[in-house]
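# Close look at the chain arrangement
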Amino acid sequence: MNILLLGSGGREHALAWKLAQSRLLGNSGDKLFASPGNPGIADHAELVTLDLTDHAAVVGFCEAQRIGLVIVGPEAPLVDGLADSLRGAGVATFGPSKTAAQLEGSKAFTKELCVRHNIPTAGFKRVASAHEGLTALDDFSIPVVVKADGLAAGKGVTVALTRAEAEAAIAEIFDGRFGAAGAEAVIEEFMQGEEASFFALTDGHTVVPFGSAQDHKRVGDGDVGPNTGGMGAYSPAPVLTPLLEGEALERIVVPTVRGMAAEGMPYSGVLYAGLMLTPDGVKLIEYNCRFGDPECQVLMMRLEGDLGELLLATAEGRLGTLQPPRFSAESALTVVMAAQGYPGTPRSGGAIKAIAEAEANGTKVFHAGTALKDGQLVASGGRVLNVTALSPSVSEAQAAAYAAVDALDFADGFCRRDIGWQEIAREKSAVGRP
Ligand code: AMP
Ligand code: GLY
């Protein structure tokens, strides 16, 4: 069949690479399209230009090209209801409806769903003005977390270590820094613990675990400096033990899927749960309604089954008829190469060379923000490349990924040098243990 993949980052390159191996594209004539895609995705797909905010145009393309499955990579088109428009036109679509995508699109929506279904999460208060926010602060101890309600490109959350910082964060939200995303805010109790990401595929009824990961949000080594979209990740996250994963599934993910269905908002797609492993058990930090970036890259490295069949079965509501997803027991680790200046204003246009040399040791270099300029591959975004390795341990995957980073020729790029540090420290301290 023909498939259309929407998005342009490293997440979508990893999805395209894996989809290209799917039986769904096994007949001669079957085509993978991507929009807008990037030069890495172009190795696996035909790139097309579509305005994702013009739903009629996307539906028209799908009808003209007889698209059998659309996969929506990023959150914005989902929150904007693109999956509804496609499904309304009879096009099988991987990704939740506009209503269900509120799990990512509105922090207050998710917190209230958690209350209704007894899902463990931080205590919170929803506020609609700076005045309400400042008053609500009195009910929380410090540190406290302040969040803009809507999508704010990962920048709407402040973990405030002082009351003054919390007040400033509230003022910023209601001063309009985040536009409509800041029409409301959520003040949250600070949770202590280690974070892990847990993924599940669901068609609204069946829920299947789809792996775990840990990422590195700060720009600098040792987790310092400003927040980013993610500077690296590894999978699995052994800190999410089978016991804790079972707890996350039973107490958080399954009640969410059941609750959404019972309330007439069935959720279909991938549910990405950001979890805090607290001394009182696993708690939900937040949901995303799509794969993580760069978490998807490490999941795809480990996935052994047919991604296309899994995503199509999810879209068609028959996930229960498939064998559960299978992943390699090995560890995947990805290092994000970013352009100098990221997460501020990244320097674009820097030349990128020697990808083949970097990949010579079996590593995959996914394109995140690249473009072709006069036949030369150049940087065109903040996060530029995702250098991804699969090895028996996180330590070995890290060594392989950095060997590939060192083989690359990208003078304008930088990366963290300590991706995977938490797990590597645990691996080292486990050496010699019985
Ligand atoms: P979010 O965008 O909701 O994932 O928040 C971004 C980051 O803020 C998370 O990855 C956590 O590191 C931190 N965070 C969010 N909520 C809390 C909380 N209630 N307690 C502690 N840290 C939090
Ligand atoms: N890496 C975090 C995210 O995709 O939201």
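Residues numbered from 1 in each chain as written. Chains lettered and ligands numbered in written order. Predicted model: local features only at pLDDT ≥ 70, side-chain atom pairs only at ≥ 80, totals over all residues. Heavy atoms only, no water.

### A short note on the site of ligand 2
Around ligand 2, the structure places Asp-215, Gly-229, Tyr-272, Asn-288, Arg-290, Gly-292, Asp-293, Pro-294 and Glu-295. Contact between ligand 2 and Arg-290: an oxygen atom at 2.8 Å from a side-chain N or O atom of the residue. Across the complex, the protein chains shield 87% of the 200 Å² of accessible surface that ligand 2 would expose by itself. The residue inventory of the shell around ligand 2, partitioned by class, reads 2 nonpolar, 3 polar and 4 charged. (Near = heavy atom within 4 Å. Polar contact = N/O pair within 3.5 Å; in protein donor to acceptor, adjacent residues only side chain to side chain. Areas by Shrake-Rupley, 256 points an atom, 1.4 Å probe, with all protein chains shown as cover. Nonpolar A, V, L, I, M, F, W, Y, C, P; charged D, E, K, R; others polar.)

### Digging into the sheet that holds strand 5 (residues 93-94)
Spatially, the 5 strands line up as an open sheet ordered 3-2-1-4-5, and their pairing is parallel. Taken across any chain shown, the strands that pair with only one partner, and hence form the sheet edges, are strand 3 (46-47) and strand 5. Direction of pairing for strand 4 (residues 67-72) relative to strand 5: parallel, over a ladder of 2 bridges. Each residue of the ladder has a partner; that of Val-70, found in strand 5, is Thr-93. The sheet contacts of helix 11 (residues 307-315) involve strand 4 and strand 5, and relative to strand 4 the element is tilted by about 95 degrees. (Pairing = 2+ DSSP bridges. Helix = DSSP H or I, 4+ residues; strand = E, 2+ residues; numbered from the N terminus. Contact = heavy atoms within 4.5 Å. Axes fitted to C-alpha atoms, helices over the stretch in contact; angles between N-to-C directions.)

### Let's talk about the layout of surface pockets
For the second largest pocket, the calculated volume is near 180 Å³. In this structure, the second largest pocket is lined by Arg-23, Glu-304, Gly-305, Asp-306, Glu-309, Leu-310, Leu-322, Gln-323, Pro-324, Pro-325 and Arg-326. Among the residues making up the lining of the second largest pocket, the classes are represented as 4 nonpolar, 2 polar and 5 charged. (1 Å grid on protein atoms, 1.4 Å probe; cavity = no way out; pocket = protein on both sides within 12 Å on 5 of 7 lines; lining within 4 Å. Points joined across faces, edges and corners; volume = space filled by probe spheres on them.)

### A short note on the packing of helix 13 (residues 394-407) against helix 14 (residues 421-430)
Where helix 13 contacts helix 14, the two axes come as close as 9 Å, and the packing angle between them is 130 degrees. The angle between the axes of helix 13 and helix 14 places the two elements in the oblique class. For the pair formed by helix 13 and helix 14, the contact residues are Val-394, Ser-395 and Gln-398 on the first element and Glu-423, Ile-424 and Glu-427 on the second. Among the residues making up the contact of helix 13 with helix 14, the classes are represented as 2 nonpolar, 2 polar and 2 charged. (Parallel < 35°, antiparallel > 145°, perpendicular 65-115°, else oblique.)

### Section: the site of ligand 1
Among the 15 residues in the neighbourhood of ligand 1, the closest are listed as Glu-188, Glu-189, Met-191, Glu-195 and Glu-286. A distance of 2.8 Å separates a nitrogen atom of ligand 1 from a polar atom in the backbone of Met-191. Protein coverage of the free-state accessible area of ligand 1, which is 480 Å², stands at 88%. Mapped onto the shell around ligand 1, the elements with two or more residues apiece are strand 7 (144-148), strand 8 (157-160), strand 9 (185-189) and strand 16 (281-288). Partitioning the shell around ligand 1 into residue classes produces 8 nonpolar, no polar and 7 charged.

### With respect to the sheet that holds strand 8
Pairing within the open sheet is antiparallel, and its 4 strands lie in the order 6-9-7-8. The outermost strands of the open sheet, each flanked by one partner alone, are strand 6 (124-127) and strand 8. Between one strand axis and the next, the sheet turns by 15 degrees as a mean value, whatever way the strands run. When strand 6 meets strand 9, the two strands line up antiparallel, connected through 4 bridges. Bridged to Phe-124 within strand 9 is Glu-188. Most of the contacts of helix 6 (residues 107-116) go to strand 6, to which it runs at about 135 degrees, and overall it touches strand 6, strand 7, strand 8 and strand 9. Relative to strand 7, helix 8 (residues 163-174) is tilted by about 5 degrees, and along the sheet it contacts strand 6, strand 7, strand 8 and strand 9.

### Describing helix 11
Most of helix 11 sits inside the fold, with 8 of its 9 residues counted as buried. For helix 11, the complete set of buried residues consists of Leu-307, Gly-308, Leu-310, Leu-311, Leu-312, Ala-313, Thr-314 and Ala-315. Where helix 11 begins, the capping side chain belongs to Asp-306, and its oxygen is found 3.0 Å from the backbone nitrogen of Gly-308. (Buried < 20%, exposed > 50% of the residue type's maximum accessible area, 1.4 Å probe, protein only.)

### A look at the nonpolar core
Leu-4, Val-70, Val-253 and Leu-275 are the most contacted members of the largest nonpolar core, which has 48 residues in total. Leu-4 has contacts with Phe-33, Ala-34, Ser-35, Val-48, Leu-50, Val-58, Phe-61, Cys-62, Ile-67, Leu-69, Val-70 and Ile-71, leaving out every residue within four places of it along the chain. Of all hydrophobic cores here, the second largest spans 42 residues; its members include Phe-291, Ala-315, Phe-327 and Ala-332. (Core = buried A, V, L, I, M, F, W, Y, C linked by side-chain atoms within 4.5 Å.)

### Let's talk about the packing of aromatic side chains
With the rule as written, the count across this model stands at 6 aromatic pairs. With 5.6 Å between their ring centres and 65 degrees between their planes, Trp-17 and Phe-366 make a pair best called edge-to-face. Of the two residues, Trp-17 sits in helix 1 (residues 10-19) while Phe-366 sits in strand 18 (residues 364-367), which places them 349 residues apart along the sequence. The buried category is assigned to Trp-17, whose relative accessible area is 17%. Given a relative accessible area of 0%, Phe-366 falls into the buried group. On the basis of an interplanar angle of 15 degrees and a centroid distance of 6.1 Å, the ring pair of Phe-94 and Phe-291 is categorised as stacked. Placement of Phe-94 in strand 5 and of Phe-291 in the loop between strand 16 and helix 10 (295-302) is noted, with a sequence separation of 197 residues between them. When its relative accessible area of 3% is taken as the criterion, Phe-291 is described as buried. Among the aromatic residues, those joined into a cluster by ring pairs are Phe-94, Phe-210, Phe-291 and Phe-327. (Phe/Tyr/Trp six-rings, centres within 6.5 Å; stacked < 30°, edge-to-face > 60°.)

### Examining the pattern of salt bridges
Applying the stated criterion across every chain yields a total of 27 salt bridges. Residues Arg-23 and Asp-306 are paired through a salt bridge, measuring 3.8 Å at the closest nitrogen-oxygen approach. Linking Arg-23 in the loop between helix 1 and strand 2 (32-36) with Asp-306 in the loop between helix 10 and helix 11, this pair joins segments that are 283 residues apart in sequence. We classify Asp-306 as buried; its relative accessible area is 13%. (Salt bridge = Lys/Arg side-chain N within 4 Å of Asp/Glu carboxyl O.)

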